[in-house]
Amino acid sequence: MLRRIRNAAILLFTGVLVGTLLLTLAFCLPVDRIRENVKVSLYHMLEVRSDEEGDERRKEWLSLKENFTESLMVQNAFEQVEGKNPFEHAMYIYHYDLSDGTTWATEESLSLSLKEGTEGMHLREYSKYWHGYLIFLKPLLMMMSWSQLEIFWMVFMLGMTAVTALMAMRKKEPLLGLGVLLAFLFMKPLRIIISVDLSICWLVTLISILVLLQFYQKLQARDWLEGMFIIIGMVTSYMDFLTYPVVTLVFPLCTLLVLAAAEQWEWKNSVLRLFWICVSWAGGYIGMWGMKWVVAELTLQTGTLRNAAWSVITRTEPLDGHESFASGISRTFDLILDQYDRSWYSIVFLLIIIAVIISLVVVGLKKQMKQALPVLVCALAGTMIPMVWLALTQNHSAIHCWFTFRVLGASVFGVWCMGIISVKKSKYR
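Note that this is a predicted model, so its numbers are computed, not measured.

## A few points about the overall build of the protein chain
Line of reasoning, step 1. Summing up its helical and strand segments, the protein chain has 22 helices and two strands in all.
Line of reasoning, step 2. Since a compact globule built from 429 residues should have a radius of gyration of about 22 Å, the 23 Å found for the protein chain is in line with a globular shape.
Line of reasoning, step 3. If you line up the protein chain on its principal axes, its C-alpha atoms span 75 × 55 × 50 Å.
Line of reasoning, step 4. The buried share of the protein chain, taken over its 429 residues, is 54%.
Line of reasoning, step 5. Counting only contacts in the protein chain whose residues sit at least 6 apart along the sequence, the fraction spanning at least 24 positions is 80%.
Line of reasoning, step 6. Accessible area of the protein chain: about 19,900 Å², with a carbon and sulfur share of 65%.

The following block contains the structure:
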């Protein structure tokens, strides 16, 4: 236990130092080139929607994107407040906005600030997140316009997804690769690959799966798996805007279970293994996020700690109009499931369930169920993690259901992995 705590603390504090340094260095980069590269893309990025003669395909494309958040991300990338040093920028994450209330007008503010300057606008901050995406977004926008970055990012994300599936095949895990693609379909993949903000968690997930496919034996032999999940949780909270973060736990967890299916699983060790992996991810995720509030508060007295604490309370309280936590759960799940607005989702999921049931029957007929049951139960627990996440974060999940629903893609992957584990166990005697 003490060793676990020590190692986790070392990883966490190292991550905080590295993350703070990288973000501060990112704000040392000049912003003039970024401004120009964004300015030349304003029509393509935002203004085409108000042009009656504008490209209808582009308008439809923009309707699929999360323009509010991406406009904020881009503005964060080029904002430079006079009198503020790079470290202050890294802690506060400033931007100018037309609104002085609780809501922001990010798209209008982005356009106006580039065309007419920031006079008369309100200086806002967004210090409760790390905004680690800026360490790659700022350099990319120095090299290319936003229009070019959109194309680059889409090709990059498609390539990463394909590479992950191909790596699984190369490692003789073709069913695992197929499972990644099937689960991705349940996350409305087009909106992910064309939106930088919605792709962060998927990118972290893919990299985590690739690392496990390539280095699982070494990580297992050196007892580094828990450390890896701490790092995954830290990177997720460093980069993401609380979109669908739990997928970065469930996908790698179920991948690990598939890769370890050939091992002997005893009930006690199985439960402890699952428990410590989940605790490691949660410790990395919550610890890294919380340390941003602590660092900002201790160094600059930003008020971040107090504001973030109230934000957490608000986002985890019962849904508006519901007196208790439990009464809001059904409404949250109704809103989440409403995002699956095509019949093929039900058909494909039903086929997956049938395939898994058949594989379980085969395991039973071959009298391997006793050996398979511990790892299957772990996979089932992984499948349920997104449900628990949605229940615990019902306020946030319901309000932002159009992107938070993607956590269910991880549940689909978990179910599929139960089938893979059954297939593998049926081969052993």
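From this point, things continue past the structure.
## Here we look at the environment of Leu-300
Line of reasoning, step 1. Among the secondary structure elements, Leu-300 is positioned in helix α15 (residues 267-300).
Line of reasoning, step 2. Given the relative accessible area of 21%, Leu-300 is considered partly exposed.
Line of reasoning, step 3. When residues no more than four places from it in sequence are discounted, the contact partners of Leu-300 are Phe-87, Glu-88, Met-91 and Tyr-92.

## Quick look at the environment of Val-247
Line of reasoning, step 1. Checked against the element boundaries, Val-247 lands in helix α14 (residues 247-259).
Line of reasoning, step 2. Placed 163 residues apart in sequence, Val-247 and Ala-410 show a C-alpha to C-alpha distance of 5.5 Å.
Line of reasoning, step 3. Contact partners of Val-247, with chain neighbours within four places excluded, come to Met-187, Cys-201, Thr-205, Pro-252, Arg-406, Val-407 and Ala-410.

## Overview of the state of the cysteines
Simply put, the disulfide is a covalent bond whose two ends are the sulfur atoms of two cysteines.
Line of reasoning, step 1. Inspection of the entire model under this criterion finds zero disulfides.
Line of reasoning, step 2. The structure places no disulfide on Cys-417, whose sulfur is separated from the nearest cysteine sulfur, that of Cys-254, by 4.9 Å.

## Some details on helix α18 (residues 343-365)
Line of reasoning, step 1. Spanning 23 residues, α18 covers 33 Å between terminal C-alpha atoms, matching the ideal 33 Å at 1.5 Å per step.
Line of reasoning, step 2. Tyr-345, Ile-352, Val-356, Ser-359 and Val-363 are the residues of α18 that are buried.
Line of reasoning, step 3. Buried residues belonging to α18 abut α10 (174-185), α19 (369-392) and α22 (407-426).
Line of reasoning, step 4. Among the residues trailing α18, Lys-367 stands out with phi positive, at a value near 60°.

## Considerations on the pattern of salt bridges
Line of reasoning, step 1. Taken as a whole, this structure holds 14 salt bridges when the rule is applied.
Line of reasoning, step 2. Across the pair Arg-35 and Glu-79 runs a salt bridge whose closest N-O atoms are separated by 3.8 Å. Here Arg-35 is found in helix α2 (residues 32-39), whereas its partner Glu-79 is found in the loop between α5 (67-78) and α6 (86-92), with 44 residues between them in sequence.
Line of reasoning, step 3. Here Arg-35 falls in the partly exposed class, since its relative accessible area comes to 23%.
Line of reasoning, step 4. Of the charged contacts in the structure, one is a salt bridge between Glu-107 and Arg-49, with a shortest N-O distance of 2.3 Å. Of this pair, Glu-107 sits in helix α7 (residues 106-116) while Arg-49 sits in the loop between α3 (42-45) and α4 (56-63), and the two are 58 residues apart along the sequence.
Line of reasoning, step 5. Residue classification places Glu-107 among the buried positions, given a relative accessible area of 19%.
Line of reasoning, step 6. Residue Arg-49 is classed as partly exposed on the basis of its relative accessible area, which comes to 38%.
Line of reasoning, step 7. When salt bridges that share partners are traced, they join Arg-58, Lys-65, Glu-70 and Glu-150 into one network.

## Considering the packing of aromatic side chains
Line of reasoning, step 1. The full count for this structure, using the stated rule, is 27 aromatic pairs.
Line of reasoning, step 2. A ring pair is formed by Trp-402 and Phe-403, whose centres lie 5.6 Å apart and whose planes are at 90°; its orientation type is edge-to-face.
Line of reasoning, step 3. For Trp-402, a relative accessible area of 38% puts it in the partly exposed group.
Line of reasoning, step 4. The exposure class assigned to Phe-403 is buried, which follows from its relative accessible area of 8%.
Line of reasoning, step 5. Here a set of aromatic residues connected by ring pairs shows up, and it is made of Trp-104, Tyr-126, Tyr-129, Tyr-133, Phe-241, Trp-281, Tyr-285, Trp-289, Trp-293 and Trp-389.
Line of reasoning, step 6. Here the basic side chain of Arg-4 rests over the ring of Trp-276, its NZ or CZ set 4.2 Å away from the ring centre.
Line of reasoning, step 7. Its guanidinium or amino end placed over the ring of Phe-405, Lys-188 lies 5.7 Å from that ring's centre, counting from NZ or CZ.

## Points about the nonpolar core
Line of reasoning, step 1. Counting 124 residues, the largest nonpolar core has Leu-110, Phe-136, Leu-137, Leu-149, Trp-202 and Phe-251 as its most contacted members.
Line of reasoning, step 2. With 13 residues, helix α12 (residues 196-221) is the single largest residue contributor to this core.
Line of reasoning, step 3. If we ignore the near neighbours within four places in the chain, the residues touching Trp-202 are Met-157, Thr-161, Val-180, Phe-184, Met-187, Ile-192, Tyr-244 and Phe-251.
Line of reasoning, step 4. The next biggest cluster of nonpolar side chains, apart from the first, holds five residues, and it includes Tyr-92, Tyr-94, Tyr-96 and Met-121.

## Things to note about the packing of helix α8 (residues 134-143) against helix α9 (residues 146-170)
Line of reasoning, step 1. At a minimum axis distance of 9 Å, the contact between α8 and α9 shows a crossing angle of 125°. Classified by the angle their axes make, α8 and α9 are oblique. With respect to the hand of their crossing, α8 and α9 are arranged in right-handed fashion. In this structure, α8 uses Phe-136, Leu-137, Leu-140 and Leu-141 to contact α9, whose residues at the interface are Trp-146, Leu-149, Phe-152 and Trp-153.
Line of reasoning, step 2. In the contact of α8 with α9, the residues fall into eight nonpolar, no polar and no charged.

## Some points on the pairing of strand β1 (residues 94-97)
Line of reasoning, step 1. Because side chains alternate across β1, one face comprises the buried residues Tyr-94 and Tyr-96, and the other comprises His-95 and Asp-97, equally buried.
Line of reasoning, step 2. Sheet analysis places β1 next to strand β2 (residues 122-125), joined by four bridges and oriented antiparallel. Counted as the bridge partner of Asp-97 is His-122 from β2.

## Topic: the packing of α18 against α22
Line of reasoning, step 1. Where α18 meets α22, the closest approach of the two axes is 8 Å, and the angle between their N-to-C directions is 25°. The angle between α18 and α22 falls in the class roughly parallel. Seen along the crossing, α18 lies across α22 with a hand that is left-handed. Between α18, through Phe-349, Ile-352, Ile-353, Val-356, Ser-359, Leu-360, Val-362 and Val-363, and α22, the contact on the second element is made entirely by Val-412, Val-415, Trp-416, Met-418, Gly-419, Ser-422, Val-423 and Ser-426.

Rules and cut-offs
Along every chain, residues carry numbers that run from 1 in the direction the sequence is written. With the structure being a predicted model, the display of local features is reserved for residues of pLDDT at least 70 and the display and counting of side-chain atom pairs for 80 or more, all residues being used for whole-chain, interface and lining totals. In computing side-chain values, all of the structure's heavy atoms are included and hydrogens and water are not. Segments assigned H or I by DSSP are reported as helices when at least four residues long, segments assigned E as strands when at least two residues long, and all are numbered from the N terminus. Each radius of gyration is computed over the set of C-alpha atoms, and the globule rule expresses the reference value as 2.2 Å times the number of residues to the power 0.38. Note on classification: 1.4 Å probe, protein chains only; a residue is buried when its accessible area is under 20% of the maximum for its type, exposed when over 50%, partly exposed between these limits. Should any heavy atoms of two residues lie within 4.5 Å, those residues are counted as being in contact. Residue burial considers only the protein chains on display, and all accessible areas are found by Shrake-Rupley using a 1.4 Å probe. Working definition: a disulfide is two cysteine sulfur atoms within 2.5 Å of each other. Take the residue count of a helix, subtract one, and multiply by 1.5 Å to get its expected span. When a carboxyl oxygen of Asp or Glu lies within 4 Å of a side-chain nitrogen of Lys or Arg, that pair is called a salt bridge. When the centres of two rings from Phe, Tyr and Trp lie within 6.5 Å, Trp using its six-membered ring, the rings pair. Their planes under 30 degrees apart give stacked, over 60 give edge-to-face, and anything left gives tilted. Placement of a positive charge over a ring is assigned whenever Lys NZ or Arg CZ falls within 6 Å of the ring centre and within 35 degrees of the normal to the ring plane. Residues enter a nonpolar core if they are buried and are Ala, Val, Leu, Ile, Met, Phe, Trp, Tyr or Cys, with the set joined through side-chain atoms within 4.5 Å. Lines fitted to C-alpha atoms define the axes here, with helix axes fitted over just the stretch in contact, and angles between the N-to-C directions of these axes take values from 0 to 180 degrees. Oblique is the label for any angle not covered by the other classes, which are roughly parallel (under 35 degrees), roughly antiparallel (over 145) and roughly perpendicular (65 to 115). With the far helix as reference, a near helix turned anticlockwise by less than a right angle produces a left-handed crossing, and one turned clockwise produces a right-handed crossing. In this classification, the charged set is Asp, Glu, Lys and Arg, the nonpolar set is Ala, Val, Leu, Ile, Met, Phe, Trp, Tyr, Cys and Pro, and all remaining amino acids, among them Gly, are polar. Whether two strands pair comes down to DSSP finding at least two bridges between them.

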